[in-house]
Amino acid sequence: MIERLPTPWGLVRLGVAPDHPKLKEVSRVYEKIAQRPGFRFLGNVEVGKVIEHRELMRLYDAIIYANGAQTDRRLGIPGEELPGSWAATGLVAWYNGHPDFQGLTFDLSGERAIVIGNGNVALDVARMLALTRGELAPTDITDPAIEAIVGASIREILVLGRRGPVQAAWTPTELREMGELAGADIVVDPAELELDPASAAELADASNIVQRNVEILHEFASRDSSGIGRTVHLRFCVSPVAILGEESVEAVEIVRNRLEADATGRIRAVSTDEREVIRCGIVFRSVGYHGVALPEVPFDASAGTMPNEGGRVLDEGGRPIPGLYCAGWIKRGPTGVIGTNKKDATETVDLLLEDARAGVLPERPAGGIDGLIAERGVDVITYSGWEAIDVIERARGEKQSRPRVKLCTWDELLAAARSG
Ligand code: NAP
């Protein structure tokens, strides 16, 4: 397992919200696999920088890329680049202690934060900004993030969906949690839950997930405000058209949408003439992730994925490249929860094994990577190096009854790994 960072687990460590420790329990699967003979972890080794794809292809019978979707999708509206307009992914990486994001400074001194998007990441961001010290303290969020969130002047977190309650991409468990916050009210305007005919028809045939989402929203809409602290306000059928401000974000201009079914039956948002300017101090764009190309590896730039069939990576002529596979978000795009990606990885590995049995895999002589990496002069983190980081983090956490207190800088991580 080759990894750019000194630590394994990808989004389980650096993406899953700190207040969702149960979701992180999947890391035990990694721990079990790592104990198997033949497994090796090589951290701090970036493909395309320390080692090239073509070198890996010469060294291994098969390669599976599972490098995810490392950047955010853009809105493509004026003002998107203003200071104070952030990709939600940046905030998530920052509060989770990603060593490349610790230098970011989020100005949370405004009274309103706007989150654009109606997916689970948007809910994570809105919820994290609304948590109290009591809720944050027992988690593995970084200490600077606790202080920044608790000390923020934010009174309202406004979440904007371009389509309606029936089309929201979030899941019921995550939505329900928004109504269980110790220091924040959830606000939904009942008028925004009135459905257009196309959405009503969609709801009638919709999955349990969608039906439950809509029920939960109705329950939220029936609540009175308790005035306990911050407010999370969910709005629907509005799109940002510009992020406004002189030197930094001061407001977002939105347009009201009506919904209509297109030729394929998909319900899409169509702008009306109704516009509104909402003042705010900070904006988090949470409209999805996007994959990034690796040098020399086939890539479909518009989809942000590797062209593939079930995980077999395809060449320009659409033929599988022997020994080259992909799994997870770089295979399918940034959709689905952890369970979806487990199933997806199984599909890829089944095909790899099928190819191995059919004698399709190129056979490479064993060994060789250590020599190459040594030539490049990098400080490789082995699994025992990661275990040393893990022990230190857990020990720091134990003193504070937290699962761990993360090491968040490259220097700290490399030093801890060396100590192991
Ligand atoms: P997502 O589920 O794809 O949601 C993206 C949201 O952005 C959608 O509501 C989408 O609306 C909206 N959007 C896209 N382009 C837009 C635009 N130009 N203007 C306004 N809105 C726009 O993506 P995500 O929230 O980043 O999550 C990624 C994946 O990780 C998802 O599968 C999610 O479930 C998963 N995840 C799971 C958890 C969890 O299990 N707790 C936590 C975090 C993430 P449309 O539908 O109209 O396109």
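Presented here is an overview of the structure given in this document. Just so you know, these numbers come straight off a predicted model, no measurement behind them.

The rules we used
- Residues numbered from 1 in each chain as written.
- Predicted model: local features only at pLDDT ≥ 70, side-chain atom pairs only at ≥ 80, totals over all residues.
- Heavy atoms only, no water.
- Buried < 20%, exposed > 50% of the residue type's maximum accessible area, 1.4 Å probe, protein only.
- Helix = DSSP H or I, 4+ residues; strand = E, 2+ residues; numbered from the N terminus.
- Pairing = 2+ DSSP bridges.
- Axes fitted to C-alpha atoms, helices over the stretch in contact; angles between N-to-C directions.
- Near = heavy atom within 4 Å.
- Polar contact = N/O pair within 3.5 Å; in protein donor to acceptor, adjacent residues only side chain to side chain.
- Areas by Shrake-Rupley, 256 points an atom, 1.4 Å probe, with all protein chains shown as cover.

**Side note on helix 4 (residues 88-95)**
The buried fraction of helix 4 amounts to eight of the eight residues, a majority that puts the element mostly inside the structure. Positive backbone phi, approximately 85°, marks Gly97, located one or two places after helix 4.

**So, the sheet that holds strand 4 (residues 112-116)**
Strand pairing in a sheet takes place through backbone hydrogen bonds and is either antiparallel or parallel in direction. Pairing in this open sheet of six strands is parallel, and the strands run 3-11-4-5-7-6 from one edge to the other. Each edge of the open sheet is held by one strand with a lone partner, namely strand 3 (85-87) and strand 6 (184-188). The mean inter-strand angle of the sheet, taken between neighbouring strand axes irrespective of direction, is 20°. The pairing of strand 4 with strand 5 (residues 156-160) spans five bridges and is classified as parallel. Residue pairing across strands places Ala113 opposite Ile157, the latter belonging to strand 5.

**Notes on the site of the ligand**
Surveying the vicinity of the ligand reveals 23 residues, the closest of which are Asn120, Arg162, Arg163, Glu174 and Gly336. Between the ligand and Asn118, the relevant distance is 3.1 Å, taken from an oxygen atom to a main-chain nitrogen or oxygen of the residue. Protein coverage of the free-state accessible area of the ligand, which is 920 Å², stands at 83%. By residue number, the principal contributor to the shell around the ligand is helix 5 (residues 120-130), which donates three residues.

**Here we look at unusual backbone geometry**
A positive phi angle is found at Trp9, which is not glycine, with a value near 90°. Along the chain, Trp9 turns up in the segment before helix 1 (11-14). Since its relative accessible area comes to 8%, Trp9 is described here as buried. Even without a glycine there, the phi angle at Asn44 is positive, about 65°.

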